[in-house]
Amino acid sequence: MNFPAFVQSGVDLSACNTLALPCRAAHYARLETRAQLTELAGSGLPAGCRRFVLGGGSNLVLPSEFDGLVVHMAVIGRELAGEDAEARYVRLGGGEVWNDAVAWTLAQGWPGLENLALIPGTVGAAPIQNIGAYGLELADRFQELTACDLDTGDLLRFDRAACRFGYRDSVFKAEGWSRAGRYAIVDVTLRLPKAWQPNTGYADLAAYLQREGDAAPPSPQRVFDAVCAVRRSKLPDPTVLPNAGSFFQNPVVDAALAGRLRTAHPTLPVYPQADGRVKLAAGWLIEHAGWKGRDLGPVGMYKKQALVLVNRGGAVADDVRALMRAVQRDVRATFGVDLHVEPVFL
């Protein structure tokens with residue numbers, strides 16, 4: 001094979017995914033510079049060799065063996081790319097740790113990302129999933145990104161329209177490009193409005209601020225701290241209890257089904273959408289289907305948040321699949337709702 005010298009063989013990826021699943025990659029390249037990226041893209045890919053681009057490994061279910069090339073994006077960089085009367089434009093390297101980048105923008109006095117605090121993963125992975133939490137999605141702050149076509153080595157610009165963002169979705173997922181390792185996201189530019197207003201309408205966040213006695217509108221740093229506190233109270237630290245964060249998407253159903261479910265289950269949280277459909281709380285559905293705090297083999301649904309799948313120790317991808325299918329089956333049988341997963345199964 002004609003891989004560059006920095007490509008390693010037979011690398012264990014168990015430390016490169018937050019579920020701590022064992023995986024041996026036939027070939028592995030950690031890219032810290034654009035020059036390495038260009039060299040790797042120019043070397044070509046042997047016939048029949050698969051490729052996958054890895055970020056923080058926080059939204060990923062790895063197989064025990066991957067018989068291809070894993071490209072680990074670690075290109076960093078933070079800068080103010082420009083500003084106008086209405087917004088600042090912040091460019092971040094694809095290998096930056098997402099939460100560190102959010103904290104950095106606040107330290108510069110540039111708010112706007114605080115509701116997305118403590119989401120695991122890298123900046124480059126954020127657009128692929130269109131990450132979101134507490135009333136904000138990446139798409140709400142997105143300006144553009146630069147991606148390298150690993151087949152040709154070309155650097156391409158994707159604006160908001162080209163990314164085709166949806167709920168936990170983008171063109172990179174919809175077209176299968178992320179799974180096929182077609183593009184490596186080199187940098188992401190975000191638009192942070194200068195006319196900042198706190199976004200504290202999400203129920204858990206509002207309740208936390210009320211309990212803490214916050215009467216005046218909170219500062220950006222206060223919102224960041226509150227989001228971190230709420231997340232830590234509900235979600236396990238993957239360095240202590242391996243997990244992939246929210247494992248299932250909140251299902252979006254037609255209004256008629258949502259109405260019937262709410263009549264039968266008055267405590268079911270519902271969130272009307274602009275298109276007339278209704279988003280349901282997947283965690284509530286999983287809990288009331290009997291899976292909160294319940295294990296199946298070495299994996300289980302977390303006791304404090306039923307949406308989170310955890311690895312109790314020694315799990316492999318097949319264990320994750322078995323639990324996923326069991327939860328999906330019981331939620332469908334109980335509520336007539338299909339759950340879809342957030343992580344990528346490689």
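The notes below deal with the structure included here. No experiment lies behind these values; they were computed from the predicted model shown.

What follows is about the pairing of strand β7 (residues 87-93). Across the 7 residues of β7, 5 count as buried, placing the element largely inside the fold. Relative to β7, strand β6 (residues 78-83) runs antiparallel, the two being bridged by 5 bridges. Counterpart to L80 in the pairing with β7 is V90. Two successive antiparallel strands, β6 and β7, enclose a turn made up of 3 residues. Examined bridge by bridge, β7 and strand β12 (residues 183-193) share 7 bridges and lie antiparallel to one another. Within β12, the residue paired with G93 across the bridge is D187.

Burial runs high along strand β5 (residues 65-73): 7 of the 9 residues are buried. Across 4 bridges, the pairing between strand β3 (residues 51-54) and β5 is parallel. Considered in β5, the bridge of L54 is made with H72.

For the structure on display, the rule yields 23 salt bridges. In this structure, D330 and R329 form a salt bridge, with 3.0 Å as the shortest nitrogen-oxygen distance. Since its relative accessible area comes to 17%, D330 is described here as buried. For R329, a relative accessible area of 48% corresponds to the partly exposed category.

Further remarks concern the state of the cysteines. By the definition in use, this model includes 0 disulfides. Looking at C16, it has no disulfide partner, and the nearest cysteine sulfur is the one in C23, 9.3 Å off. When its relative accessible area of 17% is taken as the criterion, C16 is described as buried. Judged by its relative accessible area of 2%, C23 is buried.

With that settled, the discussion passes to the environment of Y183. Within the fold, Y183 resides in strand β12. In sequence terms Y183 and G297 are 114 residues apart; their C-alpha atoms lie 36 Å from each other. For Y183, the residues in contact, after removing those within four places along its chain, are V53, A147, C148, D149, L150, L156, F158, F172 and W177.

So, on to the packing of helix α7 (residues 203-211) against helix α8 (residues 220-234). Between α7 and α8, whose axes approach to 10 Å, the crossing angle comes to 110°. The angle between α7 and α8 places the two elements in the roughly perpendicular class. Contacts from D204, L205, Y208 and L209 of α7 reach α8 at R222, V223, A226, V227, A229, V230 and K234. Of the residues belonging to the contact of α7 with α8, the class tally is 8 nonpolar, no polar and 3 charged.

Turning next to the packing of aromatic side chains. Under the counting rule described, the total for this entry stands at 12 aromatic pairs. For the pair F142 and F165, a centre-to-centre distance of 5.0 Å together with 80° between the ring planes defines the contact as edge-to-face. Highlighted residues: F142 in strand β10 (residues 142-149) and F165 in the loop between α4 (160-163) and α5 (171-174), separated in sequence by 23 residues. Measuring from ring centre to ring centre gives 5.6 Å for F158 and Y183, while their planes differ by 80°; the resulting arrangement is edge-to-face. Taken together, the positions of F158 in strand β11 (residues 155-159) and Y183 in strand β12 put the pair 25 residues apart, joining distant regions of the chain. An identical accessibility class is assigned to F158 and Y183; each is buried. Counting every residue linked through ring pairs, the aromatic cluster contains F158, F172, W177 and Y183.

How each quantity is defined
- Residues numbered from 1 in each chain as written.
- Predicted model: local features only at pLDDT ≥ 70, side-chain atom pairs only at ≥ 80, totals over all residues.
- Heavy atoms only, no water.
- Buried < 20%, exposed > 50% of the residue type's maximum accessible area, 1.4 Å probe, protein only.
- Helix = DSSP H or I, 4+ residues; strand = E, 2+ residues; numbered from the N terminus.
- Pairing = 2+ DSSP bridges.
- Salt bridge = Lys/Arg side-chain N within 4 Å of Asp/Glu carboxyl O.
- Disulfide = S-S within 2.5 Å.
- Contact = heavy atoms within 4.5 Å.
- Axes fitted to C-alpha atoms, helices over the stretch in contact; angles between N-to-C directions.
- Parallel < 35°, antiparallel > 145°, perpendicular 65-115°, else oblique.
- Nonpolar A, V, L, I, M, F, W, Y, C, P; charged D, E, K, R; others polar.
- Phe/Tyr/Trp six-rings, centres within 6.5 Å; stacked < 30°, edge-to-face > 60°.

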